[in-house]
Amino acid sequence: MGLRERKKARKRQEIVNAALVLFAQHGFKNVTVTAIAQQAHITPKTLFTYFNSKADIIFCHETDLLVALQHLIQQQTSITNVWPTFHQFIAHLPLLTATKQATRDMQQLIKQVNRMPELKDRYFQMWAHYIDGLQNTLIQQRLADQLTAYIFAQQMVLILQMMFAPEVTLHNWEKRTTYVFTKLNQVATLTNRESIID
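Residues numbered from 1 in each chain as written. Predicted model: local features only at pLDDT ≥ 70, side-chain atom pairs only at ≥ 80, totals over all residues. Heavy atoms only, no water.

**Side note on the environment of glutamine 25**
The line we're drawing: Helix and strand assignments come from DSSP, with helices taken as H or I runs of at least 4 residues and strands as E runs of at least 2, each series counted from the N terminus. Burial classification: accessible surface area is computed with a 1.4 Å probe over protein chains only, and a residue below 20% of its type maximum counts as buried, one above 50% as exposed, and the rest as partly exposed.
Considering the arrangement of structural elements, one finds glutamine 25 in helix α1 (residues 3-26). With a relative accessible area of 53%, glutamine 25 lands in the exposed category.

Below, the structure written as structure tokens:
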């Protein structure tokens, strides 16, 4: 990364930090773009070169994990490898150098959304974007047809939502991973049993 890119990244983070302080003090609804710009020592016009809206500031790292997951899928040669690889990915998510920061950013994002209910719609849009992105990647890699890719993507996002629930911390991450995947396997077994009976 060149000097210019580093300066832009630093300024972008300064804007995020300024906004988070103001949101914590006054609430999301009560903070204006002008107030964020003043806190970050820039003009509102400059702020808009970095972010399109206040919500974009909160969701600035929303696709970091999606990109990592898409990269993971692109490395697979068979649909049968996707689920076990995804399981390993989730289990090690907060430990890997490549995903440690993305994990922290997502946890921070979820905390912000829980404190600011007006961001719930954007939160649901984020997960819908994840489903679309994962489904498209599975299809582009020729790992699944459209319906199978959609079901896989839904399941992956469901796991992510459970892993990023507010009660999950880095201390209980491994235990939660085992619990969630065990329960999902139990449900799959029950579903298969029901379809055989029908």
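From this point, the discussion proceeds with the structure in view.
**Regarding helix α6 (residues 79-92)**
Our working rule: Take the number of residues in a helix, subtract one, and multiply by 1.5 Å to get its expected span. Directions from the helix axis toward the C-beta atoms define the arc.
With 14 residues, α6 should cover 20 Å at 1.5 Å per step; its first-to-last C-alpha distance of 21 Å lies within 8% of that length. Within the span of α6, buried status applies to Val82, Phe86, Phe89 and Ile90. Angularly, the buried residues of α6 cover 90° about the axis, an arc narrow enough to put them on a single face.

**Observations concerning the side chain of threonine 137**
The condition that has to hold: Between N or O atoms, a polar contact is any pair within 3.5 Å; within protein, one atom must be a potential hydrogen donor and the other a potential acceptor, and residues adjacent in sequence are included only when both atoms are from side chains. Between two residues, a contact is recorded if the distance between any of their heavy atoms is within 4.5 Å.
Mapping threonine 137 onto the fold places it in helix α8 (residues 120-140). For threonine 137, a relative accessible area of 3% corresponds to the buried category. Of note is the side chain of threonine 137, whose polar atom sits 3.2 Å from the side chain of glutamine 70. Those residues in contact with threonine 137 that sit more than four places away from it in its chain are Gln70, Ile73 and Gln74.

**Quick word on unusual backbone geometry**
Phi angles above zero are rare outside glycine, and histidine 41 is one such case at about 60°. Secondary-structure assignment places histidine 41 in the loop between α2 (33-39) and α3 (44-50). Take histidine 41: its relative accessible area is 71%, and that puts it in the exposed class. Unusually for a residue other than glycine, arginine 142 sits at a positive phi of about 60°. Secondary-structure assignment places arginine 142 in the loop between α8 and α9 (146-163). You can call arginine 142 exposed: its relative accessible area is 75%.

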